[in-house]
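Summary of the model geometry
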Amino acid sequence: MTAAAPHSCGARRMAQAIAAHHGARFAGFEPQPMPQDAPEDDVYRAALAACSELGFIAIDAHCIARAWQRQSERQGAFDPALWPADPQDFGLAAQGDTPPFAPCPERLGLYAVLPDADWIGRMARAGVPTVQLRFKSDDAAAIAQQVRAAVAAVQGTGALLFINDHWREAIAAGAYGVHLGQEDLDALTTQELAELRASGLRLGVSTHGYAEMLRADAARPSYIAMGAVFPTTLKKMATAPQGVARLNAYARLMRAYPLVAIGGIALQQFPEVLASGVGSIAVVRAIVNAPDPEAAAHTLMQAMERPA
Ligand SMILES: Cc1ncc(COP(=O)(O)OP(=O)(O)O)c(N)n1
Ligand SMILES: Cc1ncsc1CCOP(=O)(O)O
Ligand SMILES: [Mg+2]
């Protein structure tokens, strides 16, 4: 251990034990500085130091450290081999009176994220089970028109249509659901979130690590998206590609939700991504940039069905 200072001698040994058990699996990330604001608890400080060294950003390292402390208290002993994955140790599934969003299928299958309503129609007719309109524009009239056209385009196809960002237009047009990022969620007032929930539309939420998964859980969404798993050129990401080892850990923790993996996923990566236990893989370029998008969608749908 180099970057982090776990405080006491006991905490230092515990941090080394965590790194010895999990260092190889989570290798490849830039070590992060040890956060200064750690409570005086040996397990917490050891896990915080080890996770910082393993490259988890401070807010995520704190989540894991807190969970490791709770796990140790619950079990009556510190176990460096046991990476926390019990929802109760993270304070999940304890949302009191918050009602859940309407449910969606556990396995959303191939999930095509598409730039306009024409693409939505094409992929829905090609049999893609889940599609998202990700129409980026400041033109309110164009947005409303695209959302309405996308809803019309999936009629009779069986495809489930999520609308990215534009939740009011999605409600007005009668879409199946809405996909929101963390910033989109933060921008909603409590009343607006309640209005969206009461509409009966499903809600999917983007997450990029532990802290964001806990934030998403507080809204009790219909599904949770996790990424970017691999590097993507489509969107500037605030966090490093998470890789499949972290995806595995995230999927274990969030197993109560339908899960979607996204970011830089092409046909070759489908087996290792599916092995994490997610029920859906979302792609943009693997379809939109393919020479024959319908054929690409069919190949990807077949890959979704193959046992990992
Ligand atoms: C399935 C799925 N996952 C993640 C995203 C990203 O959403 P968001 O964080 O809101 O970013 P933008 O797509 O709005 O740029 C997504 N669209 N779909
Ligand atoms: C919208 C989005 N959110 C996280 S990664 C991403 C883009 C995924 O695109 P691609 O599948 O082409 O990498
Ligand atoms: Mg968004």
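Residues numbered from 1 in each chain as written. Chains lettered and ligands numbered in written order. Predicted model: local features only at pLDDT ≥ 70, side-chain atom pairs only at ≥ 80, totals over all residues.

1. Some points on the overall build of the protein chain
Counting its regular elements, the protein chain contains 13 helices and eight strands. Projecting the C-alpha coordinates of the protein chain onto the three principal axes gives extents of approximately 65 × 45 × 30 Å. (Helix = DSSP H or I, 4+ residues; strand = E, 2+ residues; numbered from the N terminus.)

2. Some thoughts on the site of ligand 1
The local shell around ligand 1 holds 17 residues, among which Gly 181, Ser 206, Ala 225, Ile 262 and Ala 282 are the closest. In the shell around ligand 1, the residues fall into seven nonpolar, six polar and four charged. (Near = placed C-beta within 6 Å. Nonpolar A, V, L, I, M, F, W, Y, C, P; charged D, E, K, R; others polar.)

3. Some details on the site of ligand 2
Contacts to ligand 2 come from 14 residues, most closely from Thr 232, Leu 234, Gly 263, Val 284 and Arg 285. When its residues are assigned to classes, the shell around ligand 2 shows eight nonpolar, four polar and two charged.

4. Points about the packing of helix α3 (residues 58-75) against helix α9 (residues 210-219)
Where α3 meets α9, the axes come as close as 7 Å, and the angle between the chain directions of the two elements is 75°. With respect to α9, the axis of α3 lies roughly perpendicular. For the pair formed by α3 and α9, the contact residues are Ile 59, Asp 60, Cys 63 and Ile 64 on the first element and Tyr 210, Ala 211 and Leu 214 on the second. Among the residues forming the contact of α3 with α9, the class breakdown is six nonpolar, no polar and one charged. (Axes fitted to C-alpha atoms, helices over the stretch in contact; angles between N-to-C directions. Parallel < 35°, antiparallel > 145°, perpendicular 65-115°, else oblique. Contact = placed C-beta atoms within 7 Å.)

5. Section: the environment of Gly 263
Within the fold, Gly 263 resides in the loop between β7 (259-262) and α11 (270-274). With 25 C-beta atoms counted inside 10 Å, the residue Gly 263 sits in the buried group. Linking Gly 263 and Ser 206, residues 57 residues apart in sequence, is a C-alpha distance of 11 Å. Leave out the neighbours within four places in its chain, and Gly 263 touches Gly 227, Ala 228, Val 229, Phe 230, Thr 232 and Pro 241. (Buried ≥ 20, exposed ≤ 12 C-beta atoms within 10 Å, placed from the backbone.)

6. Thoughts on unusual backbone geometry
The amide bond that connects Gly 227 to the next residue, Ala 228, takes the cis arrangement and shows omega of -10°. Note on placement: Ala 228 falls in the loop between β6 (223-227) and α10 (243-253). Even without a glycine there, the phi angle at Asp 165 is positive, about 75°. If you trace the backbone, Asp 165 turns up in the loop between β3 (160-164) and α6 (167-173). Unusually for a residue other than glycine, Arg 220 sits at a positive phi of about 55°.

7. Let's talk about helix α5 (residues 140-154)
Taking 1.5 Å as the rise per residue, α5 with 15 residues should run 21 Å; its terminal C-alpha atoms sit 22 Å apart, in good agreement. Along α5, the residues that are buried comprise Gln 146, Val 147, Ala 150, Val 151, Ala 153 and Val 154. An end-on view of α5 places all buried positions within 160° of arc, on one side of the element. Positive phi appears at Gly 156, one or two residues downstream of α5, with a value of about 80°. (Expected span 1.5 Å × (residues − 1). Arc of directions from axis to C-beta.)

8. As for the pairing of β3
In terms of residue burial, β3 counts as a mostly covered element, since five of its five residues are buried. Alternating residues of β3 divide into Leu 160, Phe 162 and Asn 164 and Leu 161 and Ile 163, and every residue in both groups is buried. Inspection of the sheet shows strand β2 (residues 130-133) paired to β3 by four bridges, in the parallel sense. Counterpart to Leu 133 in the pairing with β3 is Ile 163. Handedness of the crossover joining β2 and β3 through α5 is recorded here as right-handed. Sheet topology note: the β3/strand β4 (residues 177-180) ladder contains three bridges and is parallel. Bridged to Asn 164 within β4 is His 179. (Pairing = 2+ DSSP bridges. Right-handed = clockwise from strand over helix to strand, strands pointing away.)

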